[in-house]
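# What the coordinates show
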Amino acid sequence: MVGHRDRDSSDTLAGSANAPRSLAASRLKYATLIVFAVVVASILLSLRQHRLETAHDMARLYDEIHHHRQSLWRLQTQIAVGLRPAQLHSAIERAQLQ
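Residues numbered from 1 in each chain as written. Predicted model: local features only at pLDDT ≥ 70, side-chain atom pairs only at ≥ 80, totals over all residues. Heavy atoms only, no water.

Each helix and strand counted, the protein has 2 helices and 0 strands in total. Put simply, the protein has 98 residues, and 0% of those count as buried. (Helix = DSSP H or I, 4+ residues; strand = E, 2+ residues; numbered from the N terminus. Buried < 20%, exposed > 50% of the residue type's maximum accessible area, 1.4 Å probe, protein only.)

This is the structure:
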């Protein structure tokens, strides 16, 4: 068992000599991980912003289409009210479209 203890103590001494290297390596790993997480978070925020802008554009275009349809319906109603069948028949006969 004495040899076993000597081996353990020599491993700990060798391990403590490598401790600054492993500490620096783990710090580098953590720094890399943090940088990677920040990059991924930035990309996700950018995608979210793009999605919100696209949804806003879609809503604006929907409203614009809706207003154009209302204008079209209003014009069609005015045309229908303004036309009288008798006047339409006489206009067709005058133009000789039959």
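There's plenty left to go through after this.
So, on to the pattern of salt bridges. If you walk through the whole model with that rule in mind, you get 1 salt bridge. Residue Glu64 is joined to Arg60 by a salt bridge in which the shortest nitrogen-to-oxygen separation is 3.8 Å. Remark: Arg60 and Glu64 occur in helix α1 (residues 2–82); sequence separation between them is 4 residues, near one turn of the helix. Residue Glu64 is classed as partly exposed on the basis of its relative accessible area of 38%. (Salt bridge = Lys/Arg side-chain N within 4 Å of Asp/Glu carboxyl O.)

A surface patch of nonpolar side chains, about 650 Å² in accessible area, is lined by Val35, Phe36, Val39, Val40, Ile43, Leu44 and Leu47. Tracing the backbone shows Ile43 in helix α1. Looking at Ile43, the relative accessible area reads 46%, which means it is partly exposed. (Patch = residues over 30% accessible without salt bridge, like charges linked within 9 Å, V, L, I, M, F, W, Y side chains within 5 Å. Areas by Shrake-Rupley, 256 points an atom, 1.4 Å probe, with all protein chains shown as cover.)

Inspection of the secondary structure puts Arg84 in the loop between α1 and α2 (85–95). Assessed through its relative accessible area of 47%, Arg84 is described here as partly exposed. Only 3.1 Å separates the side chain of Arg84 from the backbone oxygen of Val81, close enough to count as a polar contact. (Polar contact = N/O pair within 3.5 Å; in protein donor to acceptor, adjacent residues only side chain to side chain.)

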